[in-house]
Structure formats: C-alpha cells, structure tokens
Amino acid sequence: MENKTLEKEKILDVKNISKEFPGVKALNNFNFDLYKGEVHGLIGENGAGKSTFIKLLSGAFQPNIGEITISGETHKYLTPHVARRLGIQTVYQEDILVPGISAAENIFLGTELIDSKKFFVSYRTMTDQANTLAEQMGITLKVDEIYERLSPSDQQFVKILKALAQKPKVLILDEPTQAFNVKDIGLVIEMVKRISKEGVGVIYIAHDLEEIIEVADRITVLRDGRAINTHDKKLEKYQPDDLAKEMIGRPVDLFFKKKESPVGDYIFEVRDLKIKESAKPISFRVREGEILGVAGLKGAGRSEIARAIFGAYRKLGGKIFYKGKNITPSNPIQAVKSGIALLTESKKVDGLFMGLPVDHNITVVGIDSIGKLFLSLGKERKLCNEYVNKLNIKTPSLNKEIRFLSGGNQQKVVIAKWLFKGVNILIVDEPTHGIDVNAKTEVYELFTELAASGKSIIMISSEMPELISLSDRIIIIRNYEISKVLEKNEINEENILSGFMGGN
Amino acid sequence: MSNSKEIKQKVNGPASIVDKLRFLNNQIVYLVLVIIVIGVAASVLNQNFLTLRNLLNIMQQISTLGILTMCMALLMISGGLDISIGNMTGLLAIIFARMLLTGKSIFLSVIVVLLLGLVFGFINGVIIAKSKVTPLIITLGMNYVFLGIALIVGGGRPQAITGQFQFLGQAKIGGIVPVAIIIFLLIFIFSFLLRKYTKYGRRLNAIGGNPLAAYLSGINVDLHIISIYALSGLIVGFTSLILISRLGMVQADVGANFALQALAAAIIGGITFEGGKGSLVGAFFGVLLLGILSNALNIVGVSSFTQTIVLGAIIVVATVISNIGKMRR
Ligand SMILES: Nc1ncnc2c1ncn2[C@@H]1O[C@H](COP(=O)(O)OP(=O)(O)OP(=O)(O)O)[C@@H](O)[C@H]1O
Ligand SMILES: [Mg+2]
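Residues numbered from 1 in each chain as written. Chains lettered and ligands numbered in written order. Predicted model: local features only at pLDDT ≥ 70, side-chain atom pairs only at ≥ 80, totals over all residues. Heavy atoms only, no water.

Quick notes on the overall build of chain B
Helix and strand counts for chain B come out as 15 helices and four strands. Of all 329 residues assigned to chain B, the portion counted as buried reaches 50%. At a minimum sequence separation of 6, the contacts of chain B that also span at least 24 residues come to 78%. Accessible surface, chain B as shown: approximately 14,900 Å² in total, 69% of it carbon and sulfur. (Helix = DSSP H or I, 4+ residues; strand = E, 2+ residues; numbered from the N terminus. Buried < 20%, exposed > 50% of the residue type's maximum accessible area, 1.4 Å probe, protein only. Contact = heavy atoms within 4.5 Å. Areas by Shrake-Rupley, 256 points an atom, 1.4 Å probe, with all protein chains shown as cover.)

Written out as structure tokens, the structure is:
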C-alpha cells in the first residue's frame, strides 16, 4: 500500500459512459479510472449499475456513448475478445467453471500456458504450475482435486487463480467473498492486496462496507447509474456510515435494532431428524413469533437440513410437527400445504423463473388468492405492485423478465414470492445474500413484522450482525449435528464462533 | 401501468444491425406483416385469392394442423413436446373407421376415440414425468408404436367410411362457415384462456420455465405434466374425428408429417424449446402463415416440391429472427 504514489500509471480510463436498457438508464455519464497496482472499490445499491459497468469492461455489453481507454488504446466499445487481449479478466459470481475436472485443469483451461506445441496435455506441468500460482498468492489449495468436491471458498479461489493465469492488467472481482465463511474473508483480502502489489489494477465490488474500506485504496460510489463520489484512502478517512449515506442518498442506520415482540408457545417441532448416517439426529422446537437463527460454517449441513424439513431432501428418519400434529412432508407439495416455506440459497437455480416476468414470479405459489376459475390480472397487478413498493424492488415494469433485474432485486422477488403466499413457518437460507445495506434493513424489518404477527422464522445465516440482531435463539450446526444452542442472553460473537469449532 | 420510468430514445452509439432489428423481437407483429405481404402479393397475382370462399378454404385446410399446433404449443410451453401426435391422429382415425365399419354406433365410436386419445396422451405423460427422459426420445418411440398399432388394426389397408359421419369435416354452418373452422377457433380460444387466465396455465408456464424451482414452490410437477399430455391426447382425438370426417378415407400413416408441421408452426409463432415462453396467439398466426403461404404458392402455381423448400427455409428464418435478442448479450 505504502509506495503506490511511485507508480501512478493509469491503466484504465473510462469517460462519460452511458448504457441504456429499455426503461432504465443503467449507467449515466459515468467516469472511472484505475491505476496500476491499486484496488478500486465500487459500491452502490442493488440496481445501481455495478454489474452493468463491469460487463461493459469485459465486452459482454456495449455502451451507447462514451469511451474506454486501456493501456493507451481508446475504444468506443469492447468485445469479449478485445477485452481479453487488452488484459481485462473478470471473476463473475455465477459459476462458469467445469465441475467434473480438477482445479488445475480448470485454471489452465483455454490458456497458452499449456505448451501449445505438444498435442497431449501434461498434467504434471499443469499441476506444478497451478501449485506455483497458488503459492505465490499465499493460499493452500489441493489443485488436483475435482472442482466440484472443493469447498465453496476454494472454488472461489480457483476462479480467481484462473483469471490470474491469464496474466491480467485489470482484474475485476464481483462480490468475491460471498462464498466465504467470516474467518476466510481475511484470506481473500490478503490475496487481493498481494495481487495489486504485483502491479495489477483490481476493481472490487462488494456490499459489505467494512470489507471494501479494508481492501480498497479508492472507492467510487454509484447511485442510479451516476458516480456520486470517489474517496481516496490516502487523502481522507471515511466510515461505513459516510459511504452508506452517499449510496442511498440519505443517512441510514447501519445497525439494525429489532423491535422486540412477545413470543408465544412452541408450535413447530423437528424431532430426531436424521439425514446423515454418522451424525446424531437433530431435534429442536420453534415458538410462535420466534426468529430462530441457524449458524454454522458453509458445508456444515444447514441447507440440507432445511431442505429435509421441507421434504426436498432424503430423510433417514425423523418427524415434523406443527401445533402438535404430525405433518412430516415427504415432498415440497405437502410442505407448502402445511404452511411451510423454504427460501433457498441458490435462487437462480431453484428459486426463480428467469424467463418469466416479475409478476408471475411473485404470484406463482400464492396464485390461489387471485381468482377461482379465471385469474384476475388486474388484481394480480395491484397486489404485485404493493410488494414491489414494499420491498423496493427496482424494475421498469411488472412485465419485465426477471433475468433483466439486478442480482439483489432478484433476491427481493424470491422473498416477495413467499410473502405473497403467506405461510406459518418461513425457512430462509442466507436471505440477504447480495442485497445492499439499505435493502437488508428493509428485509429485517419485514421479518420482524412477520414474527410480530405470529409467524415463525428459521433463519440460516452466515452473517454475524444479522444472526445477532435478529435471532431470539440460535442453534449452531456442525457436521450435520446441533453442536450448541444459544438462548437470547447468550447470543454474542464469541459464543457463536466457539460453537463453530465444537467448543461448548 | 406501474412505476416505470419513461422509455427514452436510444442515444447515438455503436448501434449495430442487431440493435436495429430488435423491434422484430415481437414476433407476432412480424408474422402479421409477413401474412399481409403474402396476401397482397397473392391477390395481385391472382384475383381468386382474396375471396371469402378461398379464405374460408384456407382456414378449413389448416383446421386440423391448427388444432394440433395448439397441443404442441401447450406442451412446449410446459417444457415438453410430443412427436407422436401425428401417428396418434392416424391410429385414432383408423380405429374410428374400423368401429363404424364393424357396425358400432357413431356415438359409441366417438366416445371410444376421445377416451383412447386421452389414454394415449396419459401414457406419454406418465412415462415422461416419471422417467425424466427427454420427451423427444419418448414420443419419437411412441410415434412408431402408434403407427404399428394402426397398421395392425387397419390390416395395412386404407379404411373408407364413405358417406357416413360427414358433419365435423364437411358440414357448413349456414351453408358458409365450415364446422371444422369453428372447432379450431374454439380450441384456440380454450387454449389461450387456459394458458393466460387460469392457475393451471400459470403453473404449466412455471414448470416450463424452471421445473426445479416449480417443484420447490410446491407445485405438483408430475401431475401437471401428465395432465397436459392427457389433455393434448384428448384434443388429438377431436382432430382425428375431423380428419376422417373430411377425408372419408384414411391410411395408417395419414398423420406422419403432422407433428413436425405443428412443431414448425409453433416455432414460427414464437414458441421456443426453452419453455414458459411465447404465446398461443403467435402459434395461431404461425399456422395461418403456413396455410396462406401454401395456398398462395398453389394459386400462383409453384410446385409442391418447391413449396417444401420454402417451408423449411421459413422455419430457419423464423427461429433465427426470434433469437436475435440473444445474439448479443
Ligand atoms: N440485460 C438487461 N436488460 C435490461 N435491463 C437490465 C439488463 N441488465 C441490467 N439491467 C438493469 O440495469 C440496472 C442496473 O443493473 P446492474 O445489474 O448493473 O445492478 P448492480 O449494481 O449490479 O446491482 P446488484 O447489487 O443488485 O447486483 C437495473 O435496473 C437492471 O434492471
Ligand atoms: Mg450485480
């Protein structure tokens, strides 16, 4: 970080760029520059235009006006090929690697690093080179392991290494820490700093303001497609509050304080649920109006447990009760009938209908409430608009196909889908992934409201502040077992972390 | 309608040809334009094209294909496909003819044919829903099964019911409008309403769009898949009745080309293999285009061989155009 001033060489200069989609100005006269060896953070609300901007740089989209200067060459637009040639590499959130081959093979897939004169690929060389690369970046990675068997955070490392193998001048990371456990986020930050020290310019997008302050030398705030401000770490000190205010356009309270409401009797029970032969069966109960936090590391089995309760994952044994009645669902159809909802983690794969419009996505489960024999499209539109406003979903219209919405806004639609249905037990799996600070607060308020109205929420989360401020109780999962239960007065960060490790 | 911002004019920039062609994305507008162009050209070349008689004639000719296209469109919207509907039509028509020829009443024969259609579709649906094998393969196999049974039932010979059961295929309401057209339009309206205004249609749409998400939303995916294939089978039953009533005589392979033609019409109309996409109005115009085109080519005197080439080319052009939006992301 120290001697950056010495090498103040601009490698990227984006001037007056605009990008319009039907009904939205995603970028409006946006300026951005990047120096050699710096990390330039990009923040903004959901739908502010961050992903659009990096897609312009990677050549996936072309701007309507403006120009992009990189390594001295000025272009009106880039194509994926030109972007690659100029040394721009992007790590998207969506998985684009090949699941069935090794990490090393993925890293060098389609690169010149493999000796191109030879017809046969030398796995030895590839593995060696992958190891060297990982070492340089200060991470330990089993490079000959099959990609899909790696932990989510190792998979993310592979993606970054793959980009690095191309020897980029500009490296773009879109929310790179989403797949990580709290304690591993530090590793990514270290790695990114190391990459920039090697002279690569890094563009870093994140919703976590503390994280971006830590990693970035400069931060540009984007609101409604315009650059609001660019902060420089060397020239000023700034806090998350300052950034949030610029993002949203008004002061926001980053620390959500839950309005406590009384909780009722136990109404929901999971008894002796077993999904893994070697693990002890799981039993817990949830009270009316309670928010039960479910903590644990990635891969501890929390999502599988949630699916099993919902009837979408094979159970080896166990029963589910609601108000004393055995309702053990053997499939999601029965679960939904008994008033259970599951908001899954991988929304794009199993929560959303990407090709269908916003309103159809919202009403798909609760469709019974908009007509008997024939649907009332007017009523549907009216109700959907209520949810769009309530959750502040950014979309040009209700007819817009959901794949055109920004990541965070898609997440809000999944939440709207289940709220529209109206349920008794809401199981949510990482509900605020990819959602901006302001929207998070909105979602927390919604959950609080739901709980106050007597619904019970089971909330799987990897975000400490969220677990701590919302949960009435927390169960900690480790290796498919409950390793610890924290009552309200025991909830704090140390207790949760020690539960992860299996301590008491 | 909603809190949408105003759609502003595109600013100048590297608007490529792809950008300029984007308005064509609304396939229905485009189809109607093409139909009008063909219509105008044909009526200039031949006075007889734009007569009520000829137009009704076109509609009557496409009525069976049109009904099958509605089946295909509904299936494709739900993420499926049925290649066997052509030979299923043939088989049902043969069975109907055999029943009449062996002295069964028209009433009984109609009921049996409709029920069998339902059962055939149901069988397709059960195999597809339960095995999770791609519908193309399953129904391709069933296509041969139906043809084989039809050959056995009819002894490999054409079956003629000369003079009987002419109402569906040949009668005209008020001496002008053929009954077949009315049935086609009714089935079109039924499919349109089912798709757009019922919960059932919405769920089919969702299943076509993302079956896993539909399952995790508590939709009974198997039940919906099985029932839409069964419904399609029932409609195929009606088609076979209209067909035999119009022709008076059928062979086992009478419907050999029907399924692919229906598929073509649906695709021209903007229905895609992606599922959850396209509209039945589009499919309707897709059939209309095929009918008008073939009639116009006939009137102008183009040979049926050349017509086949034109049909193939149209399918290719239509699918490429409907994909324009995706050529650039
Ligand atoms: N292909 C597209 N077609 C139409 N509109 C689009 C398209 N891609 C993005 N948009 C719109 O452009 C705006 C900016 O979206 P973008 O994905 O850049 O937001 P973002 O800042 O990345 O948000 P998030 O934090 O939610 O990921 C949004 O209103 C979005 O709906
Ligand atoms: Mg984004």
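Some points on the site of ligand 1
Residue and element names in this part refer to chain A. Not every one of the 18 residues close to ligand 1 is listed here, only the nearest: Gly-47, Ser-51, Thr-52, Ser-406 and Gly-408. With respect to ligand 1, the backbone of Ala-48 contributes an N or O atom lying 3.2 Å from an oxygen atom. In the model, an oxygen atom of ligand 1 is placed 2.7 Å from a nitrogen or oxygen of the Gly-408 main chain. Protein burial of ligand 1: of its 640 Å² of free accessible surface, 91% is covered by the chains. Contributing elements (two or more residues each) for the shell around ligand 1: strand 2 (24-35), helix 1 (50-57) and helix 14 (407-421). Counting residues per element, the shell around ligand 1 draws most heavily on helix 1, at three residues. (Near = heavy atom within 4 Å. Polar contact = N/O pair within 3.5 Å; in protein donor to acceptor, adjacent residues only side chain to side chain.)

Topic: the nonpolar core
Core analysis: the biggest nonpolar cluster contains 181 residues, and Phe268(A), Phe284(A), Ile309(A), Trp418(A), Leu426(A), Phe447(A) and Phe96(B) have the highest contact counts within it. The element contributing the most residues to this core is helix 3 (residues 52-77) of chain B, with 15 residues. With near-sequence residues (within four places) excluded, Phe284(A) lies in contact with Phe268(A), Glu269(A), Val270(A), Leu292(A), Ile309(A), Ile458(A), Ile475(A) and Ile482(A). By size, the runner-up hydrophobic cluster in this structure holds 52 residues, among which are Val39(A), Phe157(A), Tyr204(A) and Val221(A). (Core = buried A, V, L, I, M, F, W, Y, C linked by side-chain atoms within 4.5 Å.)

Notes on the interface of chain A and chain B
In this assembly, 53 residues from chain A lie in contact with 37 residues from chain B. Carbon and sulfur atoms make up 58% of the area that chain A and chain B hide from each other, which totals about 3,700 Å². For the chain A face of the interface with chain B, the top three residues by lost area are Glu20(A), Ile333(A) and Phe353(A), together amounting to 14%. Linking chain A to chain B there are three salt bridges. (Buried area = accessible area lost by both parts, 1.4 Å probe. Salt bridge = Lys/Arg side-chain N within 4 Å of Asp/Glu carboxyl O.)

Re the packing of helix 8 (residues 179-197) of chain B against helix 9 (residues 199-209) of chain B
Residue and element names in this part refer to chain B. Close contact between helix 8 and helix 9 brings their axes to 5 Å; oriented N to C, the two are set at 75°. Judged by the angle between their axes, helix 8 and helix 9 are roughly perpendicular. Counting all contacts with helix 8, which are made through Leu-194, Arg-195, Lys-196 and Tyr-197, the residues of helix 9 involved are Lys-199, Tyr-200, Gly-201, Arg-202 and Asn-205. For the contact of helix 8 with helix 9, the class distribution of residues is three nonpolar, two polar and four charged. (Axes fitted to C-alpha atoms, helices over the stretch in contact; angles between N-to-C directions. Parallel < 35°, antiparallel > 145°, perpendicular 65-115°, else oblique. Nonpolar A, V, L, I, M, F, W, Y, C, P; charged D, E, K, R; others polar.)

Considerations on the packing of aromatic side chains
All names here are of chain A. Counting across every chain of the model gives 14 aromatic pairs over all chains. Ring geometry for Phe-21 against Phe-61: centres 5.2 Å apart, planes inclined by 70°, an arrangement best described as edge-to-face. Here the residue Phe-21 occupies a position in strand 1 (residues 10-21), and Phe-61 occupies one in the loop between helix 1 and strand 4 (65-70), the gap between them amounting to 40 residues. Residue Phe-21 is classed as partly exposed on the basis of its relative accessible area of 26%. (Phe/Tyr/Trp six-rings, centres within 6.5 Å; stacked < 30°, edge-to-face > 60°.)

Quick word on unusual backbone geometry
Residues and elements named next belong to chain A. Here Asn-16, not a glycine, exhibits a phi torsion of approximately 45°, which is positive. Relative to the elements of secondary structure, Asn-16 occurs in strand 1. A relative accessible area of 41% places Asn-16 in the partly exposed class. A positive phi angle is found at Asp-272, which is not glycine, with a value near 55°. Looking at the secondary structure, you find Asp-272 in strand 11 (residues 266-274).

Comments concerning the pattern of salt bridges
Residues and elements named next belong to chain A. Across all of its chains, the model carries 29 salt bridges over all chains by this definition. One salt bridge connects Glu-145 with Arg-149, and the closest N-O pair in it is separated by 3.6 Å. The exposed category is assigned to Arg-149, whose relative accessible area is 60%. Within the structure, one salt-bridge network assembled from shared partners comprises Lys-10, Asp-13, Lys-15, Asp-33, Glu-38 and Arg-218.

A closer look at the confidence of the model for chain B
Residues and elements named next belong to chain B. In this model, chain B carries a mean pLDDT of 88, and residues with pLDDT of at least 70 account for 90%. Within the model, pLDDT remains below 50 along residues 1-16, and this stretch shows 29 contacts once partners closer than five positions in the same chain are excluded. Here the complex is predicted with pTM 0.85, and the ipTM for its interfaces comes to 0.84. (pLDDT = per-residue confidence, 0-100.)

Digging into the environment of Lys162(A)
Residue and element names in this part refer to chain A. Here Lys-162 is to be found in helix 5 (residues 152-165). Here Lys-162 falls in the buried class, since its relative accessible area comes to 18%. Once the C-alpha coordinates of Lys-162 and Ala-130 are considered, the two residues, 32 residues apart in sequence, prove to be 9.2 Å apart. In this structure the side chain of Lys-162 is engaged in a polar contact, spanning 3.2 Å, whose partner is the backbone oxygen of Leu-109.

So, the side chain of Asp350(A)
Examined against the element boundaries, Asp350(A) turns out to sit in helix 11 (residues 347-350). A polar atom in the side chain of Asp350(A) sits 2.5 Å from the side chain of Arg307(A). A polar side-chain atom of Asp350(A) sits 2.6 Å from a polar atom in the side chain of Thr344(A). Those residues in contact with Asp350(A) that lie beyond four places of it in its chain are Arg307(A), Thr344(A), Asn210(B), Leu212(B), Ala213(B) and Leu216(B).

A closer look at the sheet that holds strand 15 (residues 325-326) of chain A
Residue and element names in this part refer to chain A. One open sheet holds the four strands; their spatial order is 12-11-14-15, and the pairing between them is antiparallel. What marks the edges here is a single partner per strand, and that holds for strand 12 (282-287) and strand 15. Where strand 11 meets strand 14 (residues 317-322), five bridges bridge the pair, whose relative direction is antiparallel. The residue bridging Lys-274 from the neighbouring strand is Gly-317, located in strand 14. On the sheet, helix 9 (residues 302-309) packs against strand 11, strand 12 and strand 14 and is oriented at approximately 115° with respect to strand 11. (Pairing = 2+ DSSP bridges.)

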